[in-house]
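Coordinate inspection notes
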Amino acid sequence: MRGDDELDLGSPTQRSLFVALATRPGTSVSRQELINAVWGANPPITVESSIYTYIARLRRTFEPKRQRRAPSALLVGDGTGYLLEIEPQRIDAQVFEEHLEDVRHLQRSGTWSQAVERLDTALALWRGPALNGVVGPLADAERTRLEELRFTAIEDRAQLLLEADRAGEVIGDLSGLVRTHPLRERLHYLLMVAHYRCGRRADALKQFHSVRRLLIKELGIEPGEDLLRCHDQILNGTLRSPVPPADSSPVTLTSRVSGSFAPFVVPAQLPRDVPGFTGRHEELRRLKEFASAADVRGEAGVILISGAPGVGKSALALRFARGLTDAYQSGQLHLDLRGFSNTARPMEPAEALGHLLTGLGNAPEPGEDVQALSSRYRSLVAGRRILIVLDNAWSAEQVRPLLPGDPSCLVLVTSRNRLSGLTTRDGALRMTLDLMPADDAVTLVRNVIRQASGEAEHPLAARLCQVGDYLPIALRIAAERMTSRFHGELAVDSRTLPERDELLESADTECDEQSSMRSVFSSSYRALPADAAEMFRLMGLHGGSTFDLVTAAIMADVGHERARRIVDSLLSGHLLRITPCNRLRFHDDMLRAYAKDRAMTEMPYRTRRAAVSRLVIHYLRTADAAIRLLYPSRYPLPPPPLTPDGSAPLRLRGAEQARVWFETELSNLSAAVRQAGAYGVCPVRERLPDLIQTFLRARSEGHPAVPANSPRPEGPPSM
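First, a word on scope: everything that follows refers to the structure included in this document. Being a predicted model, the structure only gives us computed values, none of them experimental.

Time to look at the sheet that holds strand 3 (residues 81-84). Taken in spatial order, the three strands of this open sheet run 1-3-2, and their pairing is antiparallel. Because the sheet does not close on itself, it has two edges, and the strands there are strand 1 (28-30) and strand 2 (75-77). Here the average twist between neighbouring strands, direction ignored, is 30 degrees. Bridging between strand 2 and strand 3 involves three bridges; their strand directions are antiparallel. If you follow Val 76 over to strand 3, its bridge partner there is Leu 83. Most of the contacts of helix 2 (residues 31-38) go to strand 1, to which it runs at about 75 degrees, and overall it touches strand 1 and strand 3. Against the sheet, helix 3 (residues 47-62) contacts strand 2 and strand 3, and its axis sits at roughly 140 degrees relative to strand 2.

As structure tokens, then:
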């Protein structure tokens, strides 16, 4: 400036040369430094002559009355470079930084109002973007530095206004800036504090959720520590200082309890990850999709992982939770709800809430009921990014009081039961965990053997997986058994493979409760109602792999509707499952072996024989009726009653239905023959084999194959 007139400093390159000199007033700047500042690493060949030209033009601009060969009083050359002889007070950037230094002294002395006035003076020096129209490496760096100083000054001014109890002014100043500079977290931070100081707590929390969504969407990151701490303190009503001291350790968050302040503890309760966790890649991918979908919708995410005992629900939940710790920086809670414990009753909601609150640093008060505990728990976790793992749940009623109401939290629930109430009422996303795929099962077995013996391969690994029925806990026990019985040496003879019954027995004597198959299964079995436990045992005596509801009702000697209710409870506990052909089977062969073991141990011979007798007579009656429909000329008359028990065969309508039934039940009929022989059920053991042979001979002699869509026999459906 010359007086009130603004000087034209020429081209952008010439302006850049002046900036390189003005940033170091009173100091000689070498030609090479000028070249680096203006042109960078690739200057033109004529750069030396260009510098002379630009310097001459600047001298004429600054000193138009200077004689042609007279020395310059403003731009002085010293042979190696040039020096700008100008007082720093005439350069706005220098004055601006001096004001900022004065503000720091005023702030340390607590004179907030004077500090605000000095910042106002400093910010008034800005008339537009810094170094507008100037190019070159130095200009780019200096522009970034000055703009950052300006925004820091704006933020410091807002902080000083808050310290001076002038929060209302901050809201007006920052509301527009957070829209034009949405990724500057400190602007959001100070605006949240201003809203809070003005009694607008809801607006403060809304501001937090707004910036959090933006950071996740734009950068894929969570808010920083200061924003999270501010949010937590606003929730608790404990915010005192606008910003934490720069040189102090992190502030301890507090929550008001019974008139005093109790520290908020950032929990990190996830147990140790399962060593050698293998596979489940698709399940982990789906869990990630579930969590992301809940986050995008802004809903309180609840994911339910259900499945049979020993299938690896807790291990999967823990592996998934371990991968989310960075996204849930406010902490991770873990609680075993003891839904299927052999040594303790399922945890009551009040006890569970007490554990969760204690984990958050807020122990329950004596006499607090479930509603009060749940309300305080939800208030405490609201808005915090907390991951909550509720393991081994028994019922939806047990879990529901533990669910937070805020979308900032994610809850993982594991259970052997279906917990349908969580999906229908609470919107939980369910994943039903099944047996391991064959490839992953073999990998798991090899990993266990490698850890025990040092060998990476084993010729019997695939066979061992079949023995363990691809159930993770059974695979680990079977692999350990293969090495421990030979003291770490590998057994390669198939005769050394453990049997399923042996796995149950060895687990009972050599493993702890959490690693014992018998303990894992018995915790589900002991939790069954008496009628469901009885049917579970009786179906263990069934020799086939699948069966229908009619068979279950006959073996348990109950009506079809009652049988349906009992079977539903077994399905809910994942002890039974429905096959794609709408038939029933045990979840896995290890469970079937356990059910048979319980029947042989807990039921007297007379009870077992009666159930087997009902089963084989049912098969005999229905097989006889089917043969008579298939071959009416050979068997024209109805069969005589076998026993006075009142049972009747299924009503088969036509030859096609009879053929479908025979094909479906063929393996079960053969098993029934063996059962009849074992329990001495006469005359079944003589007559049923004849009927089976009759059907097999007719089929081998060219009877047409059974159509895939043939109707089922008339009578109660499988399910």
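Right, picking up where we left off after that structure.
Turning our eyes to something else, we now look at unusual backbone geometry. One non-glycine residue, Asp 557, adopts positive backbone phi at about 60 degrees. Inspection of the secondary structure assignment puts Asp 557 in the loop between helix 23 (549-556) and helix 24 (560-572). Look at Asp 557 and you get exposed, because its relative accessible area is 56%. For His 574, which is not glycine, the phi dihedral falls at a positive 60 degrees. Tracing the chain through its elements places His 574 in the loop between helix 24 and strand 11 (576-578). The class for His 574 is buried, based on a relative accessible area of 9%.

Summed over the entire model, instances satisfying the criterion amount to 11 aromatic pairs. Between Tyr 525 and Tyr 594 the ring centres are 6.0 Å apart and the planes differ by 80 degrees, which places this aromatic pair in the edge-to-face class. Remark: Tyr 594 occurs in helix 25 (residues 589-602) and Tyr 525 occurs in helix 21 (residues 517-526); sequence separation between them is 69 residues. Each member of the pair, Tyr 525 together with Tyr 594, is buried. Where Phe 536 meets Phe 586, the ring centres are 5.6 Å apart and the plane angle is 80 degrees; that geometry is what we call edge-to-face.

Ile 303, Leu 471, Met 535, Phe 536 and Phe 662 are the most contacted members of the largest nonpolar core, which has 87 residues in total. In terms of residue count, helix 26 (residues 605-630) provides more of this core than any other element does, 10 residues in total. Leaving out residues up to four positions away in the same chain, Phe 662 has contacts with Ala 623, Ala 626, Ile 627, Leu 669, Leu 691, Ile 692 and Phe 695. Membership of the second largest hydrophobic core comes to 45 residues, among which are Ala 115, Leu 146, Val 193 and Tyr 196.

This part takes up helix 9 (residues 201-219). In this model, helix 9 (19 residues) spans 27 Å end to end at C-alpha, consistent with the 27 Å of a helix rising 1.5 Å per residue. By the burial criterion, the buried members of helix 9 are Ala 204, Leu 205, Gln 207, Phe 208, Val 211, Arg 212 and Leu 215. The buried residues of helix 9 occupy an angular sector of 150 degrees when the element is viewed end-on, so they sit on one face. Away from the buried face of helix 9 by more than 90 degrees, exposed residues Ala 202, Lys 206, Arg 213 and Lys 217 are located. The positive-phi residue at the C-terminal boundary of helix 9 is Gly 220, with phi of around 70 degrees.

Each pair of packed helices can be described by the angle between their axes along with the distance between the axes. Across the interface, helix 22 (residues 530-540) lies against helix 23 with an axial gap of 9 Å and an inter-helix angle of 105 degrees. The orientation of helix 22 relative to helix 23 falls into the category roughly perpendicular. Residues Met 535, Leu 538 and Met 539 of helix 22 form the contact with helix 23, whose own contacting residues are Ala 552, Met 555 and Ala 556. Here the residues of the contact of helix 22 with helix 23 are counted per class, giving six nonpolar, no polar and no charged.

Okay, the side chain of Arg 184 next. Along the chain, Arg 184 falls in the loop between helix 7 (167-180) and helix 8 (185-197). At 3.1 Å, the side chain of Arg 184 forms a polar contact with the side chain of Glu 148. Ignoring anything within four residues of it in the chain, the contact list for Arg 184 reads Glu 148, Phe 151, Thr 152 and Glu 155.

When you line up the elements, Val 135 lands in the loop between helix 5 (112-123) and helix 6 (137-163). We classify Val 135 as partly exposed; its relative accessible area is 38%. The spatial distance from the C-alpha of Val 135 to the C-alpha of Leu 17 is 9.3 Å, given a sequence separation of 118 residues.

This paragraph deals with the pattern of salt bridges. Tallying each qualifying case throughout the model produces 37 salt bridges. The residue Glu 33 makes a salt bridge to Arg 24 at a minimum N-O spacing of 3.3 Å. Exposure remark for Glu 33: the relative accessible area of 34% places this residue in the partly exposed category. In this structure, Arg 598 engages Glu 602 in a salt bridge whose closest nitrogen and oxygen atoms are separated by 2.9 Å. Of this pair, Arg 598 and Glu 602 both sit in helix 25, separated by four residues, roughly a single helical turn. With a relative accessible area of 10%, Arg 598 lands in the buried category. Its relative accessible area of 31% is what places Glu 602 among the partly exposed residues. Residues participating in the shared-partner salt-bridge network are Glu 148, Glu 155, Asp 156, Arg 184 and Arg 186.

Hydrogen bonds between backbone groups are what pair the strands of a sheet, and the pairing can be parallel or antiparallel. Spatially, five strands are ordered 7-8-9-6-10 in an open sheet, and the strand pairing comes out parallel. The sheet is open, and its two edges are formed by strand 7 (331-336) and strand 10 (429-433), each paired on a single side. With strand direction ignored, the average angle separating the axes of adjacent strands in the sheet is 15 degrees. As defined by bridge partners, strand 6 (residues 301-307) adjoins strand 9 (residues 410-415) across six bridges and the pair is classed as parallel. Within strand 9, the position partnered with Leu 304 by the bridge is Val 413. Against the sheet, helix 12 (residues 313-322) contacts strand 6, strand 8 (386-393), strand 9 and strand 10, and its axis sits at roughly 165 degrees relative to strand 9.

Calculation notes
- Residues numbered from 1 in each chain as written.
- Predicted model: local features only at pLDDT ≥ 70, side-chain atom pairs only at ≥ 80, totals over all residues.
- Heavy atoms only, no water.
- Pairing = 2+ DSSP bridges.
- Helix = DSSP H or I, 4+ residues; strand = E, 2+ residues; numbered from the N terminus.
- Axes fitted to C-alpha atoms, helices over the stretch in contact; angles between N-to-C directions.
- Contact = heavy atoms within 4.5 Å.
- Buried < 20%, exposed > 50% of the residue type's maximum accessible area, 1.4 Å probe, protein only.
- Phe/Tyr/Trp six-rings, centres within 6.5 Å; stacked < 30°, edge-to-face > 60°.
- Core = buried A, V, L, I, M, F, W, Y, C linked by side-chain atoms within 4.5 Å.
- Expected span 1.5 Å × (residues − 1).
- Arc of directions from axis to C-beta.
- Parallel < 35°, antiparallel > 145°, perpendicular 65-115°, else oblique.
- Nonpolar A, V, L, I, M, F, W, Y, C, P; charged D, E, K, R; others polar.
- Polar contact = N/O pair within 3.5 Å; in protein donor to acceptor, adjacent residues only side chain to side chain.
- Salt bridge = Lys/Arg side-chain N within 4 Å of Asp/Glu carboxyl O.

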